Amino acid sequence: MPDLEEVIALKLSETLLADKSVKVSKGDAEERRQVIYRGYTFQISRGHAYRDHATGPATNPRFSGPDKSVEKAIMDDAIRRIEADAIPKVTGIASPGTGVLVHGVPIRYNLVRIKKGAAGFMYMISDYMVWQGDPEALQKF
C-alpha cells in the first residue's frame, strides 16, 4: 500500500500529465519536454535519462517513480534554487553536483538559466539520472 507522500506525488504527476502547457519535441537526439510549472518555463531534456547506461540500469530514474513525479521533484528543487538566486554551476552529469532525493532515490540534474527574449528567462534541465556516487556529495538545497 503506497504511503501518503507517494499518493500525493502520483496525483501531482497526473495533473502535470494533463497540463496543456506540456510540449514534447522528439526532433533532436534527446526528447525534450517544455513545461510551465508554478509560473516558470522549464525545458527538460529527458531522453538520455531513461536509457540504461553503461554502468547498468540502476542509473535509470524509473526506479524512483513515474517520470512526471521525478520531473516534478526536480522542478520543485530547481524553483527553490531559482528563487534563492542559487543556481549552481553545471558539471558533468556523472560528477558531483545539483541533486534531489525522489522517494529516497538520489537524482542528479543540471539546471541552466536561458534568456527568453525581453520577457525573462526559461530554465533548462539539461540532463538527469540516478546518482551513483555518495549521496552526501550532491549539492542539495
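Just above sits the structure.
Residues numbered from 1 in each chain as written. Predicted model: local features only at pLDDT ≥ 70, side-chain atom pairs only at ≥ 80, totals over all residues. Heavy atoms only, no water.

(A) Region of the structure containing the pairing of strand β6 (residues 121-130). Taken across its ten residues, β6 has eight buried, putting it largely inside the fold. Of the pairings in the sheet, the one linking strand β3 (residues 40-45) to β6 comprises three bridges and is parallel in character. Pairing of Gln43 across the sheet is with Met124, part of β6. Taking the residues that link successive antiparallel strands as the turn, the strand β5 (residues 105-115)-β6 hairpin has five residues, and the phi of Gly117 there is positive, at about 65 degrees. (Buried < 20%, exposed > 50% of the residue type's maximum accessible area, 1.4 Å probe, protein only. Helix = DSSP H or I, 4+ residues; strand = E, 2+ residues; numbered from the N terminus. Pairing = 2+ DSSP bridges.)

(B) Inspection of the pattern of salt bridges at higher detail. All chains considered together, the criterion is met by seven salt bridges. With a shortest N-O distance of 3.5 Å, Arg80 and Asp77 are connected by a salt bridge. A residue pair is termed a helical-turn pair when its members lie 3 or 4 positions apart in one helix, as Arg80 and Asp77 do in helix α2 (residues 67-83) at three residues. Classification of Arg80 by relative accessible area gives partly exposed; the value is 39%. Measuring nitrogen to oxygen at the nearest pair gives 3.6 Å for the salt bridge that ties Arg113 to Asp85. Of the two residues, Arg113 is situated in strand β5 and Asp85 in the loop between α2 and β4 (99-102); the sequence distance between them amounts to 28 residues. Among the residues examined, Arg113 registers a relative accessible area of 37% and is labelled partly exposed. (Salt bridge = Lys/Arg side-chain N within 4 Å of Asp/Glu carboxyl O.)

(C) Main features of the packing of aromatic side chains. Enumeration over the complete set of coordinates arrives at two aromatic pairs. Their ring planes at 65 degrees and their centres at 6.0 Å tell us that Tyr40 and Tyr123 sit as a pair that is edge-to-face. Of this pair, Tyr40 sits in strand β3 while Tyr123 sits in strand β6, placing them 83 residues apart in sequence. By relative accessible area, which is 5% here, Tyr123 ends up buried. Relative to Tyr123, the ring of Phe42 has its centre 6.2 Å away and its plane inclined at 45 degrees; by these criteria the two rings are tilted. (Phe/Tyr/Trp six-rings, centres within 6.5 Å; stacked < 30°, edge-to-face > 60°.)

(D) Inspection of α2 at higher detail. With 17 residues, α2 ought to run about 24 Å at 1.5 Å a step, and its terminal C-alpha atoms sit 24 Å apart, in line with that. Burial analysis of α2 places 14 of its 17 residues in the buried class, which makes it a mostly covered element. Positive backbone phi, approximately 50 degrees, marks Asp85, located one or two places after α2. (Expected span 1.5 Å × (residues − 1).)

(E) Local environment of the pairing of β4. Alignment of β4 against β5, held across four bridges, turns out to be antiparallel. Residue pairing across strands places Val100 opposite Ile107, the latter belonging to β5. The turn joining β4 and β5, which pair antiparallel and follow one another in sequence, is formed by two residues; a positive phi near 50 degrees is taken by His103.

This is a description of form; function is not addressed.
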